[in-house]
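Summary of structural features
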Amino acid sequence: MTRAPIPSPAARAASVGPSPVREILALTARPEVISFAGGLPAPELFDVAGIRAAYDRVLAEVPERALQYSTTEGDGDLRREIAARLSGRGLATGPDDLVVTTGSQQALTLIASALLEPGDVVLVEDPGYLAALQCFAFAGARVVPVPTDEGGLIPEALDELVARERPKLLYLVPTFQNPTGRTLSTRRRQAVAEAAERHGFWIVEDDPYGDLRYDGEPQPWIASLPAAADRTVLLGSFSKIMAPGLRLGFLRAPRTLRRACVIVKQSADLHTSTIDQAAAARYLRDCDLDGHVELIRAAYRERRDALVDGLPAALPAGSRWNRPEGGMFVWVQLPDGLDATALLPSAVEHDVAYVPGAPFYAGEPNRATLRMSFVTHPPEEIREGLRRLAAALSVQAAVAVAG
Ligand SMILES: Cc1ncc(COP(=O)(O)O)c(C=O)c1O
C-alpha cells in the first residue's frame, strides 16, 4: 500500500515563523553569559515565601475549589482584587469588566481572534512588541507601522494613516514600552484617544510595566480617558510584579468585545489555571503586593542607573540611548553604519548579549538599534557585562570603520 502524504501545517504558521528574539535568547543561555537580552525579571526578587504560603492556604482551606474546573471569566476573588487595584489607581472597574487570562500574551490572542478578519489592518508602534506583531500576523491581519520618536507613538501621524488604511485596531504599549522603554505623555494619550473617537478604531493598551516606575509621575491609562473609554481594551499582567511563571494576566474590555473574548477563551483553554488564580487572589489578600513592588522598584532603579551610567564607556562614540523612567529596557542607537545584528556574535564571544533592534520593526528597520534589559543582573554584573561589551564593540567598530 502506498502511504499518502499528510497535510502540511497551515500557511500562516509557516509564513509567520519563529520569533528571532527567542532564537537569540537560546544562543545566550550559557550561564557565563551576562545577558542584557531577555526581559527576565530578577528571580532573587520573587516573593517565594509569600507565594508558597498562598498556595498552601488555598490547598489547605479550599482544595475542592482550587483544584476544580472553573468559569472562563476567571476566579471571582482574583477579579475583585484586580478591580480594586485598577479603581484605586483612577480607573473605575468592577470584577465583571475583567477576564483573567493566561498571561497578558493570551489576551492578545483572544482579541486578535475575537476582532480580526484576515486582511484587517492593525496599527502598531514602530518599533513595537514583537510577540504582538506575531500574534496579529497569525490572525491574518496586515500590520502597519506608525512612526515614533523619543516620546513614543506620534499621534499626528494617525489621521493620514487611518484615512488610508482603515485599521480595526491600534496596539500600543504607552508606558515603558517594549522594546524602547519610552512613555507616551498625557497629551499624546489624549490625542490617541481622540483619534480613535474621530475615526472609530479599537485601542489595545498593553501595560505590563506601568507599576515599575522609578522616577517621574504616573500618566493616566488611555482606557480612563472619556474620548476612548468605550473603545479601549486594557491589558495587565502579574508577570513583572509577582512572577512570570504564574502566567496570570487580565483584560478589561467593554462588554461586547469582552463577551467575544470569553467565547474564544472557552475554546482555547476553558479557563486559566484555577489553583494559580486562587493562590494569586490569596496572595493579594494576605500579602502587601505594593510593598513588594516597592522593593523591586528600588532594586531595578539601581540597575537602570548602573546600566545607563556605564553606557558612555561601553558604546562606540556617537552612540545614543535613553534613560527610561521605569520598566525594563534601554533603547540604544549605535553610530550610523554599524549593524547591531552583525555585531552580536562578537558580543556573544565575549560572553555578553543584547537583542538587535531590527526584528522589532514592522516597517523599515534601523539596523543600528538594539535593546538592553537592565533587570536580570545586579549592578556589579551589569558593570562587568558593560566591560565585555566595550571590548566586543571596540574591536568590531574599529573593523567596521576601517572597512
Ligand atoms: C509589551 C508586552 N506585552 C505582553 C507581554 C506578555 O506578558 P505576560 O507574561 O503577561 O504574558 C510582554 C512580555 O514581555 C510584553 O513585553
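Just so it is clear, the model here is predicted, and its values are computed rather than measured.

1. Points about the nonpolar core
Counting 71 residues, the largest nonpolar core has L334 and M372 as its most contacted members. Top contributing element to this core by residue count: helix α12 (residues 289–314), with 10 residues. Each of domain 1 (16–46 + 291–402) and domain 2 (48–286) accounts for three or more of the residues forming this core. When neighbours within four sequence positions are excluded, M372 is seen to be in contact with F36, L307, L311, M328, F329, V330, V332, Y354, L386 and L389. Membership of the second largest hydrophobic core comes to 36 residues, among which are C135, Y171, L251 and Y361.

2. Some details on the site of the ligand
S104, D206, Y209, S237 and S239 are the nearest of the 14 residues found near the ligand. One of the side-chain N or O atoms of N178 is found 2.9 Å from an oxygen atom in the ligand. In the environment of the ligand, an oxygen atom lies 2.5 Å from a nitrogen or oxygen atom belonging to the side chain of S239. Taken by itself the ligand offers 400 Å² of open surface, and the protein chains cover 91% of this. Sorting elements by how many residues they give to the shell around the ligand places helix α6 (residues 103–115) first, with three residues. In terms of residue class, the shell around the ligand is built from five nonpolar, six polar and three charged.

3. Some words on the domain arrangement of the chain
For the chain, the assigned domains are domain 1 (16–46 + 291–402) and domain 2 (48–286). A C-alpha centroid distance of 26 Å is found between domain 1 and domain 2. Listed per partner, the contact involves 32 residues of domain 1 and 33 residues of domain 2. The interface formed by domain 1 and domain 2 contains two salt bridges. Of the charged contacts, one joins E325 and R213 as a salt bridge, the two residues approaching to 2.9 Å between their closest N and O atoms. Remark: the boundary between domain 1 and domain 2 carries 14 residue pairs in polar contact (both at pLDDT 80 or more).

4. A short note on the sheet that holds strand β11 (residues 329–333)
Spatially, four strands are ordered β10-β11-β14-β13 in an open sheet, and the strand pairing comes out antiparallel. Only two strands of the sheet have a single partner each, and these edge strands are β10 (320–321) and β13 (355–356). Two elements, β10 and β11, share two bridges in a ladder whose sense is antiparallel. Bridge assignment links R320 to a residue of β11, and that residue is Q333.

5. What about the sheet that holds strand β6 (residues 169–172)?
The strand order β2-β9-β8-β7-β6-β3-β4-β5 describes an open sheet built from eight strands, whose pairing is mixed. Two strands close off the open sheet at either side, each with one partner strand: β2 (98–102) and β5 (152–153). Sheet topology note: the strand β7 (residues 202–206)/strand β8 (residues 232–237) ladder contains four bridges and is parallel. What sits directly across from E205, in β8, is L234. Together, β2, β6, β7, β8 and β9 (248–252) form the strand contacts of α6, whose direction differs from that of β2 by roughly 115°. Those strands touched by helix α9 (residues 186–199) are β4 (142–149), β5, β6 and β7, and its axis lies near 150° from that of β7.

6. Section: the packing of aromatic side chains
Within the structure shown, the criterion is met by five aromatic pairs. When the centroid spacing of 6.3 Å and the interplanar angle of 80° are considered together, the rings of W331 and F360 count as edge-to-face. Here the residue W331 occupies a position in strand β11, and F360 occupies one in the loop between β13 and β14 (369–373), the gap between them amounting to 29 residues. Classification of W331 as buried rests on a relative accessible area of 7%. Classification of F360 as buried rests on a relative accessible area of 2%. Here the aromatic cluster, defined as three or more aromatic residues joined through ring pairs, consists of W331, F360 and Y361.

7. Some points on the pairing of β14
On a regular strand, each side chain points to the face opposite its neighbour's, so the side chains alternate between the two faces of the sheet. The element β14 is extensively covered by neighbouring structure, given that five of its five residues are classed as buried. Burial along β14 is two-sided: the residues T369, R371 and S373 and L370 and M372 are all buried. The pairing of β11 with β14 spans five bridges and is classified as antiparallel. By the bridge assignment, V330 is partnered in β14 with M372. Across two bridges, β13 lies against β14 in antiparallel orientation. Residue pairing across strands places P356 opposite L370, the latter belonging to β14.

8. Comments concerning the side chain of R252
By the secondary structure assignment, R252 is in strand β9. For the buried R252, no salt bridge is present, and the opposite-charge side chain at shortest range is D97, 4.9 Å distant. Engagement of the side chain of R252 in a polar contact is seen with the backbone oxygen of A92, the distance being 3.0 Å. Of the polar contacts made by the side chain of R252, one reaches the side chain of T93; its length is 2.9 Å. If near-sequence neighbours (up to four positions away) are discounted, R252 is found in contact with L86, L91, A92, T93, D97, L98, A223, T232, V233 and L234.

Parameters at a glance
- Residues numbered from 1 in each chain as written.
- Predicted model: local features only at pLDDT ≥ 70, side-chain atom pairs only at ≥ 80, totals over all residues.
- Heavy atoms only, no water.
- Core = buried A, V, L, I, M, F, W, Y, C linked by side-chain atoms within 4.5 Å.
- Buried < 20%, exposed > 50% of the residue type's maximum accessible area, 1.4 Å probe, protein only.
- Helix = DSSP H or I, 4+ residues; strand = E, 2+ residues; numbered from the N terminus.
- Domains from an automatic or database assignment.
- Contact = heavy atoms within 4.5 Å.
- Near = heavy atom within 4 Å.
- Polar contact = N/O pair within 3.5 Å; in protein donor to acceptor, adjacent residues only side chain to side chain.
- Areas by Shrake-Rupley, 256 points an atom, 1.4 Å probe, with all protein chains shown as cover.
- Nonpolar A, V, L, I, M, F, W, Y, C, P; charged D, E, K, R; others polar.
- Salt bridge = Lys/Arg side-chain N within 4 Å of Asp/Glu carboxyl O.
- Pairing = 2+ DSSP bridges.
- Axes fitted to C-alpha atoms, helices over the stretch in contact; angles between N-to-C directions.
- Phe/Tyr/Trp six-rings, centres within 6.5 Å; stacked < 30°, edge-to-face > 60°.
- Lys, Arg positive; Asp, Glu negative; His and termini not counted.

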